[in-house]
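Remarks on the overall topology
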Amino acid sequence: MSEKSGSRTRRILKNALVSVLVLGAVGGGVAYTAVTADGADRSAPTDPWADPSVTATPADPAAGAARGRASTPLSKLLLPVPEGYVLGADIAGYGNDDELPAKQAAALLKESGRGFYGKKRREYEEAVDGLGIQGMAMRSYAQQDSSLQAEVLILRMKDKKKVREFFEARKEMSEFLELRKGPKIKEYARTSACYLGPKPEKPETYGDEVRSPVLQAMICSAYDGEVMVTVTAFGAPPFEDKDVAGLVEKQLRHIASPGEYV
């Protein structure tokens, strides 16, 4: 790909990735909902799927494995559920441990650009097509006390260069949006970046009851070869951003040595 073409791709992705960053590539808000439901006023209606599950939801031979599926090359790259965690809430419409083929994964990523119309929408979809997406694997994790929920998405592409460009576009957009910088993953400082969402507002109160907990959001992007990793997490106070960084680090180590449980 020429330098001019690469620059255009980065520009298109940079202009369109606001929604990806805010929504976390797929749902983003699913983890938020799960943590909120755990600490919310129980008299208010909550989604029945919001609580963590100790079993995988897809129907396959490994669905009973509490640490997650490892039945395909892509699912093997997902971090097995580590100590102190269980499988988390369902990722909207996909369960808590799932995988999408290339066409469906590309369509899902295109859907994240639904806030764009006309020419911008077409350019974004063309840019997504240019990424050469091969498939996506996703898994949600919850700390055992439900104080932290995280979604991990692994996106495989054909071209290592385009993976790097996608990572750089997301990093540039995070800085453009002036998101607060999160902790560094020291071992992967050059290939990862974490950002914290806006400081949470004080919880609403009704008498002596707290209607919504103070939550902190954090999103991390990283890459390894043809693989792009996105980790979106929400946590109740005290929010331990280092716990999220630790999860990202374990995920990247696992990609480097798939099949070795961390």
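Just so you know, these numbers come straight off a predicted model, no measurement behind them. (Residues numbered from 1 in each chain as written. Predicted model: local features only at pLDDT ≥ 70, side-chain atom pairs only at ≥ 80, totals over all residues. Heavy atoms only, no water.)

**Some remarks on the packing of helix 4 (residues 102-111) against helix 5 (residues 118-130)**
So the rule is basically this: To get an axis, fit a line to the C-alpha atoms, keeping to the stretch in contact for a helix; angles then go from 0 to 180 degrees between the N-to-C directions. By definition, any uninterrupted DSSP run of H or I lasting at least four residues is a helix, any uninterrupted run of E lasting at least two residues is a strand, and each is numbered from the N terminus. What makes a crossing left-handed is the near helix being turned counterclockwise from the far one by less than a right angle; a clockwise turn instead makes it right-handed. Here a residue-residue contact requires only that any non-hydrogen atoms of the pair lie within 4.5 Å. Polar here means any residue outside two lists: the nonpolar Ala, Val, Leu, Ile, Met, Phe, Trp, Tyr, Cys and Pro, and the charged Asp, Glu, Lys and Arg; Gly therefore counts as polar.
Packing of helix 4 against helix 5 leaves a shortest axis separation of 10 Å and a crossing angle of 150 degrees. In this structure, the crossing between helix 4 and helix 5 has a hand that is right-handed. Between helix 4 and helix 5, the contacting residues are Ala 106, Leu 109, Lys 110 and Glu 111 on the first element and Arg 121, Tyr 124, Glu 125, Val 128 and Asp 129 on the second. Looking at the contact of helix 4 with helix 5, its residues break down into four nonpolar, no polar and five charged.

**A closer look at the side chain of His 254**
Defined as follows: Polar contacts, as counted here, are pairs of nitrogen or oxygen atoms within 3.5 Å of one another; within protein the pair requires one atom able to donate a hydrogen and one able to accept it, and residues that are adjacent in sequence qualify only if both atoms are side-chain atoms.
Tracing the backbone shows His 254 in helix 7 (residues 241-256). Among the polar contacts made by the side chain of His 254, one reaches the main-chain carbonyl oxygen of Lys 76 at a distance of 2.7 Å.

**Examining the environment of Ala 70**
Note that Ala 70 resides in the loop between helix 3 (29-39) and strand 1 (85-87). Measuring from C-alpha to C-alpha, the distance between Ala 70 and Pro 80 comes to 8.3 Å, with 10 residues separating the pair along the chain. Dropping the residues within four chain positions of it, Ala 70 is found in contact with Ser 75 and Lys 76.

**Some remarks on the pairing of strand 6 (residues 192-196)**
Test applied: Working definition: with a 1.4 Å probe on protein chains only, accessible area under 20% of the residue-type maximum means buried, over 50% means exposed, and in between means partly exposed. Two strands are said to pair when DSSP picks up at least two bridges between them.
The element strand 6 is largely enclosed, with a buried count of five among its five residues. Here strand 6 shows no split at all, with Ser 192, Cys 194 and Leu 196 on one side and Ala 193 and Tyr 195 on the other all buried. Pairing of strand 5 (residues 180-181) with strand 6 involves two bridges; the strand directions are antiparallel. The partner of Lys 181 across the bridge, within strand 6, is Tyr 195. In this sheet, strand 9 (residues 216-224) lies alongside strand 6 in antiparallel orientation, the contact comprising five bridges. Within strand 9, the position partnered with Tyr 195 by the bridge is Ile 219.

**Side note on unusual backbone geometry**
With omega at -5 degrees, the peptide bond leading from Pro 237 into Pro 238 counts as cis. In this structure, Ser 146 is a non-glycine residue whose phi angle is positive, near 65 degrees. Tracing the backbone shows Ser 146 in the loop between strand 3 (133-143) and strand 4 (148-157). For Ser 146, a relative accessible area of 9% puts it in the buried group.

**Thoughts on the pattern of salt bridges**
The following threshold applies: A carboxyl oxygen of Asp or Glu within 4 Å of a side-chain nitrogen of Lys or Arg is what we treat as a salt bridge.
Tallied over the entire structure, the rule returns six salt bridges. Residues Asp 129 and Lys 110 are paired through a salt bridge, measuring 2.8 Å at the closest nitrogen-oxygen approach. Within this pair, whereas Asp 129 is found in helix 5, its partner Lys 110 is found in helix 4, the two being separated by 19 residues in sequence. Bridged by salt links that share partners, the residues Arg 69, Asp 97, Glu 99 and Arg 139 form one connected network.

**Notes on the state of the cysteines**
By definition, a disulfide is the covalent link that joins the sulfur atoms of two cysteine residues. As a reminder of what qualifies: Pairs of cysteine sulfur atoms within 2.5 Å are identified as disulfides in what follows.
Under the counting rule described, the total for this entry stands at one disulfide. Paired through a disulfide, Cys 194 and Cys 220 show a sulfur-sulfur distance of 2.1 Å. On the sign convention where negative is left-handed, the bridge of Cys 194 and Cys 220, at about 115 degrees about the S-S bond, is right-handed. Taken together, the residues span a long stretch of sequence, with Cys 194 in strand 6 and Cys 220 in strand 9 at a distance of 26 residues. The pair formed by Cys 194 and Cys 220 is uniform in burial state, with each residue classed as buried.

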